Amino acid sequence: MSGSGGAGAPAGPAPPAQEEGMTWWYRWLCRLSGVLGAVSCAISGLFNCITIYPLNIAAGVWMIMNAFILLLCEAPFCCQFMEFANVVAERVDQLRSWQKAIFYCGMAVVPIIMSLTMATLLGNAIAFATGVLYGLSALGKKGDAISYARIQQQKQQADEKLAETVEGDL
């Protein structure tokens, strides 16, 4: 009412995913990969828990926890019954892509280290791929060949001018 122009709005930073230049379809691809990774982790984690070996059970429980965290971060609408789901998703969206990549890949590697079985490998493959997709987005866009050739030509011309001035001074 005082016309302060949104002084009551939180002054938090904008999500870096938009600053890094991720396209909308790549962002959705990463989210879809995260949801599919969560489903594969949950199913494989359940199958991994049906055993008498303690490390397999621990890896299965870790995979189920991975599935929950992936769903919480990538698809918070699946966890509407929990009050903190949207808060966690907003905080995860503020992370940089390379931070998400390390987090998701690290979560996917731990059960494989615990118990190297086919269920853990296949179950964590899509979750690991989600981390790889985020890591690739952190690298940025690849430049086209024409602009790269222009830059090389400009560098070559600058080197030639520098060589001419050095020869002229001698």
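Throughout this document, residue positions are counted from 1 along each chain, in the order its sequence is written. Two thresholds apply to this predicted model, a pLDDT of at least 70 for residue-level local features and 80 or more for giving and counting side-chain atom pairs, whereas whole-chain, interface and lining totals are computed over all residues. Values reported for side chains reflect all heavy atoms of the structure, with hydrogen atoms and water molecules removed beforehand.

S.K.: Which residues make up the side chain of T130, and what are the values?
M.R.: Only DSSP runs of H or I reaching four residues or more are called helices, and only runs of E reaching two or more are called strands; each is numbered from the N terminus. Examined against the element boundaries, T130 turns out to sit in helix α6 (residues 118-139). To sort residues, take the accessible area from a 1.4 Å probe on protein chains only and compare it with the maximum for the residue type: under 20% means buried, over 50% means exposed, and anything in between is partly exposed. Judged by its relative accessible area of 0%, T130 is buried. Any pair of nitrogen or oxygen atoms within 3.5 Å is treated as a polar contact; in protein, a donor-acceptor pairing is required on top of that, and neighbouring residues in sequence qualify only through side-chain atoms on both sides. Here the side chain of T130 touches G34 through a polar contact of 3.3 Å, landing on its backbone nitrogen. Any pair of residues with heavy atoms lying within 4.5 Å of one another is described as a contacting pair. In this structure T130 touches C30, S33, G34 and Y104, once residues within four positions along its chain are discounted.

S.K.: Outline the packing of aromatic side chains, listing residues and values.
M.R.: Any pair of Phe, Tyr and Trp rings, taking the six-membered ring for Trp, is counted once the centres come within 6.5 Å. Such a pair is stacked with planes under 30 degrees apart, edge-to-face with planes over 60 apart, and tilted for the rest. One pass over the structure, following the stated rule, counts three aromatic pairs. Judged by centre distance (5.8 Å) and plane angle (45 degrees), the ring pair of F103 and Y104 falls under tilted. For F103, a relative accessible area of 39% puts it in the partly exposed group. The exposure class of Y104 is buried, given its relative accessible area of 1%. Clustering of aromatic rings is evident, with ring pairs tying together F103, Y104 and Y134.

S.K.: How would you summarise the UniProt feature "transmembrane region" (unreviewed entry) in the protein chain if you had to cite specific residues and measurements?
M.R.: In this numbering, the UniProt entry assigns the feature "transmembrane region" (unreviewed entry) to residues 32-55, 61-89 and 101-134. Helix makes up 79% of residues 32-55 and strand makes up 0%, while its end C-alpha atoms are separated by 30 Å. Secondary structure content for residues 101-134 is 91% helix and 0% strand, and the end C-alpha separation is 5 Å. UniProt positions are given in the numbering used here, feature names are shortened, and annotations may be inferred rather than shown by experiment.

S.K.: Lay out helix α5 (residues 97-114) in plain terms, naming residues and giving numbers.
M.R.: Counted at 1.5 Å a residue, the expected span for α5 with its 18 residues is 26 Å, and the 26 Å between its end C-alpha atoms agrees. Those residues of α5 that fall on the buried side of the exposure criterion are S97, K100, A101, Y104, C105, M107, A108 and P111. Projected down its long axis, α5 carries its buried residues within an arc of 150 degrees, all on one side. Residues I102 and I113 are exposed on α5 and point more than 90 degrees away from its buried face. Among the structural elements, α3 (54-74), α4 (85-93) and α6 are those in contact with the buried residues of α5. Multiply 1.5 Å by the residue count of a helix minus one, and that product is the helix's expected span. By definition, the arc is the one covered by directions from the helix axis to the C-beta atoms.

S.K.: Now, about helix α2 (residues 24-48): what can you tell me, with residues and values included?
M.R.: For α2, with 25 residues, the first-to-last C-alpha span of 35 Å sits near the 36 Å given by 1.5 Å per residue. The set of residues buried in α2 consists of Y26, C30, R31, S33, G34, G37, A38, S40, C41, S44, G45 and N48. Buried residues along α2 sit in contact with α3, α4 and α6.

S.K.: Please give an account of the nonpolar core that cites residues and values.
M.R.: Residue types Ala, Val, Leu, Ile, Met, Phe, Trp, Tyr and Cys, when buried and joined through side-chain atoms within 4.5 Å, form a set referred to as a nonpolar core. Core analysis: the largest hydrophobic core is formed by 16 residues, its most contacted members being M22, Y26, C30, L70, Y104, A127 and Y134. Those residues in contact with C30 that lie beyond four places of it in its chain are M22, E74, T130, L133 and Y134.

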